[in-house]
Amino acid sequence: MAGPKDSLGFVIRFNYNETVMNAPTETSSLVRQHLIDPEICIRCNTCEEMCPIDAITHDGRNYVIKFEICNWCNDCMGPCPTGAIDNSRTVASGQPYSLEDQYSWDSLPAPTNPEIAATELPEDVTRITEIAQSGQGGPSSPPWSAAHPYVNLFAPNKPVTATLTGNFRITGEDASADIRHIVLDFGHTTFPVLEGQSIGIIPPGTDANGKPHTMRLYSVASPRNGERPGYNNLSLTVKRVTEDHEGKATKGICSNYLCDLEKGAQVQVCGPYGSTFLMPNHPGSSIMMICTGTGSAPMRAMTERRRRRMALKEGGELFLFFGARAANELPYFGPLMKLPKELIDINFAFSRVPNQPKQYVQDKIRERHEDVVRMLKDENCYIYICGLKGMERGVDEAFRDICRMHGEDWEKLLPVLRSQSRYHVETY
Ligand code: NAP
C-alpha cells in the first residue's frame, strides 16, 4: 500500500492503525513516531494515566511510548503539564526508536531524517525570510524551550495536495478588506507544523512568461494540534489583495485564488518553513505579541495554543498589541473579544475610525509602558512582531522611549533580548 510521498519520494504515513503500522511497503517509507522529551518531562505520570491503550510506560528514569501500540489518539496531549508529550520524530518504517533507546535518553535525538538533512530551502523562502527578519538584524534562534520544528518536508516541485475544508470571511461584511480564514486538511499525509511556522501555496496556472506560478508564503494561524484538535489540518489568514503598495488596482494571484476557493478544492502545498519564530513551551513563559493586519496569523496560533492549555494553569502572561484600520477590518475581532481576560491582555490600535485620532500599535505600547518595561526585563518573556514593514521602526522607537522613561537603555537591552532568543521579527 503506497501512501502520499514526500519530497524525496518516500511514502509518508502516520502510524495510525488503518495505515497498517510498520507494514512493509513496496517503497521505503517514513512513519511518525510519538516520543516524550525527557528534558522537559517532569515525570508526573499524567500521560501514562491518560493513555487508554497502555502505550505509555516508564522506568526509574524516563517515560516512554510503545511505538507498536500508540495510535495517536492524543488523549495524553492536553493533560501533559509541560508539553513534553507533544514530540515526534520521523523514522524509517520498521526502524522506530526502541524502548531501550528511549529509556537511555537525556534529551530527544536531533532529527536526522533524510528529508530534513538532504534538502536545501527553496531560494524564494530564503529570500523572503531574510527580508522578513532584517528588522532584528538577521536571523534569530528559537526560544530554548520551543518544540523542534520540521522544515522543508515538501519541496515546491513535489508539493503535497491538501483539501480545502473551510473558507470563512473574518472581517465585517461592510469592511473594505476581505480577509479569510482558510482551513486545509492533509488527510493521511504527515504535515507537522508549529505555531509561527509558514507554508507555501502554489497557485495553479502560469505567469505572463508562461512559467508556472511560484509559491507564496503564508503563516499558519492554527496551533500544532490542528485547527480542529486531533484533525490533520491547519488554517491560514489570507487577505484578498486588490491593490499594490502604491494603492494601484491589482489582483493578487495567490490570495484571490485562495479566497475564491470552495470546499473540497485541492491545493498544492509545500513546506513547512521557519525554525525560529517559535513560541516558548516552558511553564511560566510570557509572550508579548505585536501585529498589524494579517500579521496576526502566528499570534492567533500562539494564543489558541495557550487557550487550549488554560486548564493546566501553566502561568505566564499573553500580551497582544493589534493594529488595524477599524474593528470591522480587524481579522478575528469577534473571537478575540470572547477570549477570557485571564488568558490575554488585548490592546487594539485603530487607525481609521471616523472622528477618532489615528492610533498605531506603538501608541498603545507607549500607553502600557509600565507593563511593557516589566515584560522587556522579564527573562521569561518572549517578544514577537509581525505585519507591515513600516511598523518596525515605530515599535523600536516606542521601546526606546519606554526604556528611557524607566531608566533602562534600549541599545543595551536589545542585544540581550536577541542573545536570549527573546526578540523575533517577521515583517513584510
Ligand atoms: P493593513 O490593513 O494595511 O494595516 C494594518 C494596520 O497597520 C492599519 O491600521 C495601518 O494604518 C497600520 N500601519 C500602517 N503603517 C504603519 C506603521 N508604520 N506602523 C504601525 N502601524 C502601521 O495591513 P495588512 O494589509 O493586513 O498587512 C499586513 C502585513 O502582514 C502585510 O505586509 C503581510 O504581508 C504581512 N503578513 C501576512 C501574513 C499572512 O499570513 N497573511 C503573515 C505575516 C505577515 P493605516 O491606516 O495608516 O494604513
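For every chain, the first residue of its written sequence is number 1, and the numbers climb from 1 along that sequence. Thresholds applied to this predicted model are a pLDDT of at least 70 for local features of residues and 80 or more for the giving and counting of side-chain atom pairs; totals over whole chains, interfaces and linings are not thresholded and use all residues. Note that water and hydrogens are dropped before the side-chain values are worked out from all heavy atoms of the structure.

1. Remarks on helix H10 (residues 391–405)
- Under the DSSP-based scheme used, a helix requires at least four consecutive residues in state H or I and a strand at least two consecutive residues in state E, with every element numbered from the N terminus. To estimate how far a helix should reach, multiply one less than its number of residues by 1.5 Å. When the terminal C-alpha atoms of H10 are compared, their 21 Å separation across 15 residues agrees well with the 21 Å that a helix rising 1.5 Å per residue should span.
- Throughout, exposure labels follow a simple rule: accessible area from a 1.4 Å probe, protein chains only, divided by the maximum for the residue type, with under 20% read as buried, over 50% as exposed, and the rest as partly exposed. Among the residues making up H10, those that are buried are Met 391, Glu 392, Gly 394, Val 395, Asp 396, Ala 398, Phe 399, Ile 402 and Cys 403.
- The positive-phi residue at the C-terminal boundary of H10 is Gly 407, with phi of around 70°.

2. Quick word on the sheet that holds strand E15 (residues 381–387)
- Criterion used throughout: strands pair if DSSP finds at least two bridges between them. Taken together, the five strands give an open sheet; going across it, the order is E14-E13-E12-E15-E16, and neighbouring strands pair in parallel fashion. At either margin of the open sheet sits one strand with a lone partner, and together these are strand E14 (345–350) and strand E16 (423–427). In this sheet, neighbouring strand axes are inclined to one another by 10° on average, regardless of whether the strands run parallel or antiparallel.
- Of the strands in this sheet, strand E12 (286–292), strand E13 (318–324) and E15 are in contact with helix H9 (residues 369–377), which crosses E12 at around 120°. To obtain each axis, a line is fitted to C-alpha atoms, and for helices this fit is confined to the stretch in contact; angles are then taken between N-to-C directions over 0 to 180 degrees. Whether two residues touch is decided by their heavy atoms; if any such pair falls within 4.5 Å, the residues are in contact.

3. Notes on the side chain of Thr 292
- Inspection of the secondary structure assignment puts Thr 292 in strand E12.
- Classification of Thr 292 as buried rests on a relative accessible area of 13%.
- In this structure Thr 292 touches Phe 322, Gly 323, Cys 386, Gly 387, Leu 388 and Met 391, once residues within four positions along its chain are discounted.

4. Quick notes on empty space enclosed by the protein
- Using a grid of 1 Å spacing that covers the protein atoms alone, one calls a set of points a cavity when a 1.4 Å probe fits there but cannot get out, and a pocket when the set is open and has protein on both sides within 12 Å along at least five of seven lines; lining residues are those with an atom within 4 Å of a point. Grid points are joined across faces, edges and corners, and a volume is the space filled by probe spheres set on the points. In total, this model carries five cavities of 30 Å³ or more according to the counting rule given.
- The volume enclosed by the largest cavity comes to roughly 480 Å³.
- Taken together, 29 residues line the largest cavity, and the ones lying closest to its centre are Arg 32, Asp 86, Pro 192, Arg 224 and Asn 225.
- Counting residues per element, the ones that place at least two in the lining of the largest cavity are strand E5 (87–92) and strand E10 (233–239).
- The greatest single-element share of the lining of the largest cavity, amounting to three residues, is contributed by E5.
- Of the residues that constitute the lining of the largest cavity, the class distribution is 14 nonpolar, eleven polar and four charged. Just so you know the grouping, Ala, Val, Leu, Ile, Met, Phe, Trp, Tyr, Cys and Pro go in nonpolar, Asp, Glu, Lys and Arg go in charged, and all remaining residues, Gly too, go in polar.

5. A closer look at the pairing of strand E7 (residues 179–185)
- Among the seven residues that make up E7, seven are buried, leaving the element largely enclosed by the rest of the structure.
- Taking every second residue as pointing to the same face, both faces of E7 are buried, with Ile 179, His 181, Val 183 and Asp 185 on one and Arg 180, Ile 182 and Leu 184 on the other.
- In the sheet, strand E6 (residues 160–169) pairs with E7 via six bridges, with the strands oriented antiparallel. Residue pairing in the sheet places Asn 167 in a bridge with Ile 182 of E7.

6. Considering the domain arrangement of the protein
- By domain assignment, the protein separates into domain 1 (30–120), domain 2 (160–273) and domain 3 (286–427).
- Just so you know, the domain bounds were taken from an automatic or database domain assignment. Once you take the C-alpha centre of each, domain 1 and domain 3 turn out to be 34 Å apart.
- Taken together, the eight residues of domain 1 in the interface contact four residues of domain 3.
- We define buried area as the total accessible area lost by two parts upon association, computed with a 1.4 Å probe and summed across both. Counting each side, the surface lost to burial between domain 1 and domain 3 is near 330 Å², with a carbon and sulfur contribution of 33%.
- Considering only the side of domain 1, the residues that lose the most area to domain 3 are Gly 78, Pro 81 and Asp 86, jointly responsible for 63% of the buried surface there.
- Any carboxyl oxygen of Asp or Glu that lies within 4 Å of a side-chain nitrogen of Lys or Arg is treated as forming a salt bridge with it. Along the contact surface separating domain 1 from domain 3 lie one salt bridge.
- Between Arg 305 and Asp 86 there is a salt bridge, with the nearest N and O atoms lying 3.3 Å from each other.

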